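Coordinate analysis (summary)
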Amino acid sequence: MSAQLAPAVRGLLSPSVLSWLDKPTLGPFIDGSWRTARSDTLIDVIDPGTGLPVTAYAASSAEDVSDAVAAARRAFDDGRWSEQDPEAREQTLRHLADLLEKDAEVVAQLEALDTGKPLAEARLDIDEAIAVLRYYAGWATKVEGTVIPAPRRFFATSTREAIGVCAAITPWNYPLPILMYKLAPALAFGNTFVAKPSEQTVLSTAYFAQLCATAGIPDGVVNLVPGAGATGAALTATQGIDKIAFTGSTRTGQAVMRAAADTLTRVSLELGGKSPQLVFSDADLDAAIDGVMGGIWTNAGQVCVAGSRLIIDRRVHDEFVAELVSRTRRLNLGHGLAPATNLGPLVSAAQRDHVVSLVDQAVAAGANVEITAELPDDRGFFVAPTVVTGARPGQSIEQEEVFGPVLTVLPFDDEDHAIQLANGTDYGLASAVWSGSAARVHRVSRRLRAGTVWANTYGVFHPTLPFGGVKASGFGRELGSAAVDHYTELKTTVIDL
Ligand code: NAD
């Protein structure tokens, strides 16, 4: 790949990261080895903290994609993985998790460099990926079938089998955890896999593909096709895939679903969000301020479950917002690898420009905007944490997914009004209720149209907790036992006695 890092950034990276970046140009990983891409398209890996290119990799062509799917198909059909004893698959996946844990700091630094997120957040991402891998390793030996009380003349069973070749198309905000939500259950149940990470954040997925080979996962079971939308589109158009798991924007999710109709491939879609945090005046307001801040400033707001709409009791609106702004001013905006940073840049210049334009539109429409920080003095893709008040319900800043550090505040007059505002977008991914009344928490939770409701907390993810959306936020649930349905197929066997 041949790294061309800014000297100050080079000094923050470990020798192992530098030597990984200095490898020859990265391309597709197919059948257990790195291939030269059958395309001339090189994609730059940009450091969002400096705006400078770090290295480049070769985008996979439609032929590369076809080779990867064919390799995964062969690996599935000859049973080199699916017909191993479940216990053997469990051991291999645990070994893979151990290898990832051993290299966790290397992968975290790659992730922070690639996404721009603070290193402390990247470390948590890698911890989460390891936990998800271990959790599903355990599932390999836990899925059982049933004996069905069919007419007594027959002995009928229902058993679960791997479904075949699974493809994952993933976004740039949490590259390794989101890959793992898909790859870990797919592999645990004996499927084979083709990964298409975001063109903007390929490094951690590439490092992980190499670890899969080291862990003893048979060749062809895990394949990687780095590239942009064209590579993703080629993947969704390729015959021979049994399931596509997509995480990304609602618009791309629609394109994936349309393409999957032609190949009759099942899909699960984890899409965008515009998640509300409802703060009632009977809440612990001090805790709620921290919760709202965590919900929107984490990963600079580039979070599918970003709590980007604060819906708050009008009676506490002013004091709450004033304190939130004052605490936000204490955050350190900077390069993700710099030790003092707790808020990084956005992933790209395009994303920064998109966020700034949405804020500008809100101002033009009469909203008040509080910018809480000076931008660091360099060329990174920074946006200061921004609090928007006085926006009208229905305005684009209140309806569209900003995917940046922008919090829109809407006051409510009573519980019904709060719920009406909360449910008043196309999305339905996550939500939160902050209240000291258990009855209110239950009452409001029931009426929120969202895949997840957190109460008096925000952003709790765990391998055991099913996650996904409703409405324009997609369908299907990842994590927890829900993944069993995604990555296995039921077989009914009927024996005439
Ligand atoms: P995106 O939709 O632009 O891209 C996602 C992936 O799709 C990338 O790998 C991209 O290369 C690929 N792609 C682009 N065009 C394609 C096509 N025509 N066919 C197939 N693949 C194609 O999303 P993004 O900007 O990378 O990520 C941000 C979005 O992801 C936000 O909307 C965010 O809410 C969403 N997201 C959702 C979740 C969730 O779990 N619900 C989690 C993280 C991010």
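Residues numbered from 1 in each chain as written. Predicted model: local features only at pLDDT ≥ 70, side-chain atom pairs only at ≥ 80, totals over all residues. Heavy atoms only, no water.

1. What to know about the sheet that holds strand 5 (residues 146-148)
- Ordered in space as 5-6-22, the three strands form an open sheet in which the pairing is antiparallel. If you trace the sheet from one side to the other, it starts and ends with strand 5 and strand 22 (488-496), each paired once. The sheet shows a mean angle of 30 degrees between the axes of neighbouring strands, direction not considered.
- Inspection of the sheet shows strand 6 (residues 154-162) paired to strand 22 by nine bridges, in the antiparallel sense. Following the sheet pairing, Arg160 is matched in strand 22 by Leu490. (Pairing = 2+ DSSP bridges. Helix = DSSP H or I, 4+ residues; strand = E, 2+ residues; numbered from the N terminus. Axes fitted to C-alpha atoms, helices over the stretch in contact; angles between N-to-C directions.)

2. Focus on the site of the ligand
- In the vicinity of the ligand lie 28 residues, with Lys196, Glu199, Ser249, Leu271 and Glu401 positioned nearest.
- The separation between an oxygen atom of the ligand and a polar side-chain atom of Glu199 is 2.6 Å.
- Those elements that place two or more of their residues in the shell around the ligand are helix 9 (229-237), strand 10 (243-247) and helix 10 (250-263).
- The element contributing the most residues to the shell around the ligand is helix 9, with three residues.
- When grouped by side-chain class, the residues that make up the shell around the ligand number 14 nonpolar, 10 polar and four charged. (Near = heavy atom within 4 Å. Polar contact = N/O pair within 3.5 Å; in protein donor to acceptor, adjacent residues only side chain to side chain. Nonpolar A, V, L, I, M, F, W, Y, C, P; charged D, E, K, R; others polar.)

3. Considering the packing of aromatic side chains
- Considering all chains together, one arrives at nine aromatic pairs under this definition.
- Members of the aromatic cluster, connected to one another through ring pairs, are Trp454, Tyr458, Phe461 and Phe467.
- Sitting over the face of the ring of Tyr174, Lys117 holds its NZ or CZ atom 3.9 Å from the ring centroid. (Phe/Tyr/Trp six-rings, centres within 6.5 Å; stacked < 30°, edge-to-face > 60°. Lys NZ or Arg CZ within 6 Å of the ring centre and 35° of its normal.)

4. Brief notes about the state of the cysteines
- By the definition in use, this model includes zero disulfides.
- Of all cysteine sulfurs in the structure, the one in Cys212 sits closest to Cys166, which takes part in no disulfide; the separation is 14 Å.
- Look at Cys166 and you get buried, because its relative accessible area is 0%. (Disulfide = S-S within 2.5 Å. Buried < 20%, exposed > 50% of the residue type's maximum accessible area, 1.4 Å probe, protein only.)

5. Describing the environment of Asp290
- Relative to the elements of secondary structure, Asp290 occurs in helix 11 (residues 285-297).
- On the accessibility criterion, Asp290 (44% relative accessible area) is partly exposed.
- Counting along the chain gives 148 residues from Asp290 to Ala438, while the straight-line C-alpha distance between them is 20 Å.

6. Remarks on helix 11
- In this model helix 11 runs 18 Å from its N-terminal to its C-terminal C-alpha over 13 residues, within 8% of the 18 Å that 1.5 Å per residue would give.
- For helix 11, the complete set of buried residues consists of Leu285, Ala288, Ile289, Gly291, Val292, Met293, Gly295, Ile296 and Trp297.
- Check the buried side of helix 11 and you find it contacts strand 12 (276-279), strand 13 (309-313), helix 12 (317-328), strand 15 (386-389), strand 16 (406-412) and strand 18 (430-434).
- Measuring from the side-chain oxygen of the N-cap residue of helix 11 to the backbone nitrogen of Asp286 gives 3.2 Å; that N-cap residue is Asp284. (Expected span 1.5 Å × (residues − 1). Contact = heavy atoms within 4.5 Å.)

7. Some points on a nonpolar patch on the surface
- Residues Val147, Phe155, Ile495 and Leu497 make up a contiguous nonpolar surface patch of about 410 Å² in total accessible area.
- Within the fold, Ile495 resides in strand 22.
- When its relative accessible area of 43% is taken as the criterion, Ile495 is described as partly exposed. (Patch = residues over 30% accessible without salt bridge, like charges linked within 9 Å, V, L, I, M, F, W, Y side chains within 5 Å. Areas by Shrake-Rupley, 256 points an atom, 1.4 Å probe, with all protein chains shown as cover. Salt bridge = Lys/Arg side-chain N within 4 Å of Asp/Glu carboxyl O.)

8. Side note on helix 8 (residues 203-214)
- For helix 8, spanning 12 residues, the distance from its first C-alpha to its last is 17 Å, which sits close to the expected 16 Å at 1.5 Å a residue.
- A large share of helix 8 lies buried, amounting to nine of its 12 residues.
- When helix 8 is considered as a whole, its buried residues turn out to be Leu203, Ser204, Thr205, Ala206, Tyr207, Phe208, Ala209, Leu211 and Cys212.
- Downstream of helix 8 by one or two residues, Gly216 has phi in the positive range, about 95 degrees.

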